[in-house]
Amino acid sequence: MLLFKSLNCSSSLLQSPVLSSRLFPSVVVRTPRTLSVRRIRTNRSISMASTDDSRLKRIASSIRVIPDFPKPEGVMFQDITTLLLDPQAFKDTIDLFVERYKGKGITVVAGIEARGFIFGPPIALAIGAKFVPMRKPKKLPGEVISEEYSLEYGTDKIEIHVDAVQPGDRALVIDDLVATGGTLSAAIRLLERVGAEVVESACVIELPELKEVRLGYRSEDVQSLVLVDVTPLSLGIETKGDVLTVLIPRNTPIPIKKEGIFTTCSDFQSTIPIRVYEGERARSEDNNLLGQFTLDGILLAPQGVPKINVCFNIDADGILNVTAEDTSTGEKRHMTLMNVDRLTNKEIERMMEEAERFKAEDEEHRKKVRARNKLESFAYALKNAVEERKVVKSMPHVYRESINCAVKLVIEWLKHKELLSEHVYERKLEELRNECLPHVAKMYQEYYVDLDDEDDVSARLDLLRIGYFNGKPKTEGDEYEMTD
Ligand SMILES: O=P(O)(O)OC[C@H]1O[C@H](OP(=O)(O)OP(=O)(O)O)[C@H](O)[C@@H]1O
Ligand SMILES: Nc1ncnc2[nH]cnc12
């Protein structure tokens, strides 16, 4: 069994159940899903600017993406404040909408709080329509009606003054972005309740993958300037404990390049299979296998020492390139996953629905694997540390022997156990720490001066892994993998 652990990824160890004897120096695999670039809309309407309009390119490139905002749940926030910093891009945005809506008999431009208030008023002025703000609760002073809705990252409510729109008004809804469409649907419902005819909705940005779950109106009735394609499912590799370690989370705008450093999980392991999956489940087998290849020629070294850089690169055409490289030997393999045979929306929805249904069970599995890996990492780091040349010289035999003994017992214990509960591993880790750390501390104190030597990196690394950083023990709950 080949085991791998991640050094600077969020989760830790990688495992492949089968040692493949075949090598794939360069493999082309067909993948079932498209992933493409932040691209300029191919316009569905007759009057929207043509796709090669340089104004659209300027607008698209002026939008900034901030990961994990407003919540740390994988939302890739499309920030239009950078567009506003570029007066030309801002003007182009307004002009493009005005060109489309001028002379269309629009009498009301309704802007959605807050960012619809930035784009709506200049459009309203230019096309000679009134501007009506649709606001979050408790902001409008007059008589209001309201609609609740869900959006990409939560729930909310918007309101409109009942006397702002009259029956027969022809309305255009303006916002900066449509993601799930929850907000836009609520705005349309409000306008219809006060008797307006909603002619169209217009947004600067559209997240098409999210828009597919939109309800309540026809997606053809929404115009947007910039389409941001995102990864419909998370992408990652199988890691120890059959866990999917995600390198690119779902909903990440592309193109995108992400790297993670992994390592071996057994001593003198020379090959590592890289199995690439998409999906949201904890166990790799519950996700969709996109392809696999084997990296061989890995530095023959104790477990945890080799550093394997795994890089996922999705280009503008949605082609995913996966590269694995041993940073010591320079040995490298790659695989290209082509953008054909897409998963259907139904299949993606089914995978999302399953991820939701098994959320608790998956989290439980992740916790167990994380705890097990943490214990194993710690045990191997101790083992490597006491085998270090300088340590052998400086540490009294009796201390090394007692550490060795304790470590061996734990490694043996781990070999023969099914996955146990998180607490069992935590307890075992605590016991091992209590048993070994006093010796390690002694070794560290007597030995630390030498570690200022630049060339003594490996000893330093081992000390870092076993729980010491700049002379201080790591705090409880820290991972024992290196972050570099
Ligand atoms: O398509 P949806 O999933 O409904 O999301 C789109 C909405 O989310 C954002 O507003 P937000 O609720 O963040 O309001 P804010 O501008 O007041 O912060 C954005 O400006 C849209 O109004
Ligand atoms: N990803 C996103 N970026 C900016 N605004 C949003 N509103 C909903 N999803 C959003």
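Please refer to the structure placed before this passage.
What you see is a predicted model, and the numbers here were worked out from it, not measured in a lab. (Residues numbered from 1 in each chain as written. Chains lettered and ligands numbered in written order. Predicted model: local features only at pLDDT ≥ 70, side-chain atom pairs only at ≥ 80, totals over all residues. Heavy atoms only, no water.)

### Quick word on the site of ligand 2
Part 1 of the argument: Near ligand 2, the surroundings consist of Val75, Met76, Phe77, Gln78, Arg115, Glu152, Tyr153, Leu177, Ala179 and Leu207.
Part 2 of the argument: Between ligand 2 and Tyr153 there is a distance of 3.2 Å, counted from a nitrogen atom to a side-chain nitrogen or oxygen.
Part 3 of the argument: Protein coverage of the free-state accessible area of ligand 2, which is 260 Å², stands at 95%.
Part 4 of the argument: Here the element with the most residues in the shell around ligand 2 is strand E6 (residues 76–79); it accounts for three residues.
Part 5 of the argument: Of the residues in the shell around ligand 2, the class split is seven nonpolar, one polar and two charged. (Near = heavy atom within 4 Å. Polar contact = N/O pair within 3.5 Å; in protein donor to acceptor, adjacent residues only side chain to side chain. Areas by Shrake-Rupley, 256 points an atom, 1.4 Å probe, with all protein chains shown as cover. Helix = DSSP H or I, 4+ residues; strand = E, 2+ residues; numbered from the N terminus. Nonpolar A, V, L, I, M, F, W, Y, C, P; charged D, E, K, R; others polar.)

### With respect to the environment of Val173
Part 1 of the argument: You can see Val173 is positioned in strand E11 (residues 170–178).
Part 2 of the argument: Residue class for Val173 comes out buried when judged on its relative accessible area of 0%.
Part 3 of the argument: Considered as a pair, Val173 and Pro133 are 40 residues apart in the sequence and their alpha carbons are 10.0 Å apart. (Buried < 20%, exposed > 50% of the residue type's maximum accessible area, 1.4 Å probe, protein only.)

### Here's the deal with the sheet that holds strand E14 (residues 235–239)
Part 1 of the argument: Spatially, E15-E14-E17-E18 is the arrangement adopted by the four strands of the open sheet, whose pairing is antiparallel. Lying at the two open borders of the sheet, with one neighbouring strand each, are strand E15 (243–248) and strand E18 (288–295). Each adjacent strand pair in this sheet contributes to an overall mean axis angle of 30°, direction not counted.
Part 2 of the argument: Where E14 and E15 come together, five bridges link them in antiparallel fashion. Considered in E15, the bridge of Ile237 is made with Thr245. (Pairing = 2+ DSSP bridges. Axes fitted to C-alpha atoms, helices over the stretch in contact; angles between N-to-C directions.)

### Describing the site of ligand 1
Part 1 of the argument: Taken together, 16 residues lie around ligand 1, and Tyr153, Asp175, Asp176, Thr180 and Thr183 are the ones closest in.
Part 2 of the argument: Take Tyr153: an N or O atom from its side chain is 2.4 Å from an oxygen atom of ligand 1.
Part 3 of the argument: In the environment of ligand 1, an oxygen atom lies 3.4 Å from a nitrogen or oxygen atom belonging to the backbone of Gly182.
Part 4 of the argument: The protein chains hide 86% of the 510 Å² of surface that ligand 1 would expose on its own.
Part 5 of the argument: Counting only elements with at least two residues in the shell around ligand 1, the list comes to E11 and helix H5 (182–193).
Part 6 of the argument: The element that contributes the greatest number of residues to the shell around ligand 1 is E11, accounting for four residues.
Part 7 of the argument: Of the residues contributing to the shell around ligand 1, the split by class is six nonpolar, four polar and six charged.

### Comments concerning unusual backbone geometry
Part 1 of the argument: With an omega dihedral of 0°, the bond running from Phe69 to Pro70 counts as a cis peptide bond.
Part 2 of the argument: With an omega of 0°, the peptide bond running from Glu113 to Ala114 counts as cis.
Part 3 of the argument: Among the secondary structure elements, Ala114 is positioned in the loop between strand E7 (108–112) and helix H4 (116–127).
Part 4 of the argument: Positive phi outside glycine occurs at Lys138, with the angle close to 65°.
Part 5 of the argument: You can see Lys138 is positioned in the loop between strand E8 (130–134) and strand E9 (144–151).
Part 6 of the argument: Positive phi, normally seen in glycine, also occurs at Phe268, with a value near 55°.
Part 7 of the argument: Along the polypeptide, Phe268 turns up in the loop between strand E16 (256–264) and strand E17 (272–278).
Part 8 of the argument: Here Phe268 falls in the exposed class, since its relative accessible area comes to 53%.

### Description of the pattern of salt bridges
When the charged atoms of two side chains with opposite charge come close together, those side chains can pair.
Part 1 of the argument: Using the criterion set out here, one finds 24 salt bridges in the structure.
Part 2 of the argument: For Lys240, the salt bridge identified is with Glu376, shortest N-O distance 1.5 Å. Placement of Lys240 in the loop between E14 and E15 and of Glu376 in helix H8 (residues 359–387) is noted, with a sequence separation of 136 residues between them.
Part 3 of the argument: Residues Lys383 and Asp267 are paired through a salt bridge, measuring 2.7 Å at the closest nitrogen-oxygen approach. With Lys383 in helix H8 and Asp267 in the loop between E16 and E17, this residue pair connects regions lying 116 residues apart in the sequence.
Part 4 of the argument: With a relative accessible area of 28%, Asp267 lands in the partly exposed category.
Part 5 of the argument: Within this structure, Glu147, Arg189 and Arg193 form a network of salt bridges that share partners. (Salt bridge = Lys/Arg side-chain N within 4 Å of Asp/Glu carboxyl O.)

### Some points on helix H7 (residues 345–357)
Part 1 of the argument: The terminal C-alpha atoms of H7 lie 18 Å apart, and with 13 residues this matches the ideal 18 Å at 1.5 Å per residue to within 8%.
Part 2 of the argument: For H7, the set of buried residues is Ile348, Met351, Glu354 and Ala355. The arc enclosing the buried residues of H7, seen along the axis, measures out at 125°, which places them on a common side. Facing away from the buried side of H7, by more than 90 degrees, are the exposed residues Lys346, Glu356 and Arg357. (Expected span 1.5 Å × (residues − 1). Arc of directions from axis to C-beta.)

### Some points on the packing of H8 against helix H10 (residues 397–415)
Packed helices, taken two at a time, are described by their axes: the angle between them and the distance between them.
Part 1 of the argument: Here H8 crosses H10 at 145°, and the two axes come no closer than 9 Å. Pair H8 / H10 crosses with left-handed handedness. Seen from H8, the contacting residues are Arg372, Leu375, Glu376, Ala379, Tyr380, Leu382, Lys383 and Val386; seen from H10, they are Arg400, Ile403, Asn404, Val407, Val410, Ile411, Trp413 and Leu414. (Left-handed = near helix turned anticlockwise from the far one by under 90°. Contact = heavy atoms within 4.5 Å.)

### Things to note about the state of the cysteines
Part 1 of the argument: For the structure shown, the criterion picks out zero disulfides.
Part 2 of the argument: Looking at the unpaired Cys436, the closest cysteine sulfur is the one in Cys405, lying at 9.7 Å. (Disulfide = S-S within 2.5 Å.)

### As for the pairing of E14
Two faces belong to every sheet, and in a regular strand the side chains alternate between them.
Part 1 of the argument: Taken across its five residues, E14 has five buried, putting it largely inside the fold.
Part 2 of the argument: Taken together, E14 and the strand that follows it, E15, pair antiparallel across an intervening segment of three residues, in which Gly241 is found at a positive phi of about 90°.
Part 3 of the argument: Direction of pairing for E14 relative to E17: antiparallel, over a ladder of three bridges. Each residue of the ladder has a partner; that of Ile237, found in E17, is Val276.

### Observations regarding the packing of aromatic side chains
Part 1 of the argument: In this structure the tally under the stated criterion is four aromatic pairs.
Part 2 of the argument: Measuring from ring centre to ring centre gives 6.0 Å for Trp413 and Tyr425, while their planes differ by 80°; the resulting arrangement is edge-to-face. Placement of Trp413 in helix H10 and of Tyr425 in helix H11 (residues 422–447) is noted, with a sequence separation of twelve residues between them.
Part 3 of the argument: Trp413 sits in the buried class, given a relative accessible area of 18%.
Part 4 of the argument: Positioned over the ring face of Trp413 is Lys428, at 4.7 Å from the centre of the ring. (Phe/Tyr/Trp six-rings, centres within 6.5 Å; stacked < 30°, edge-to-face > 60°. Lys NZ or Arg CZ within 6 Å of the ring centre and 35° of its normal.)

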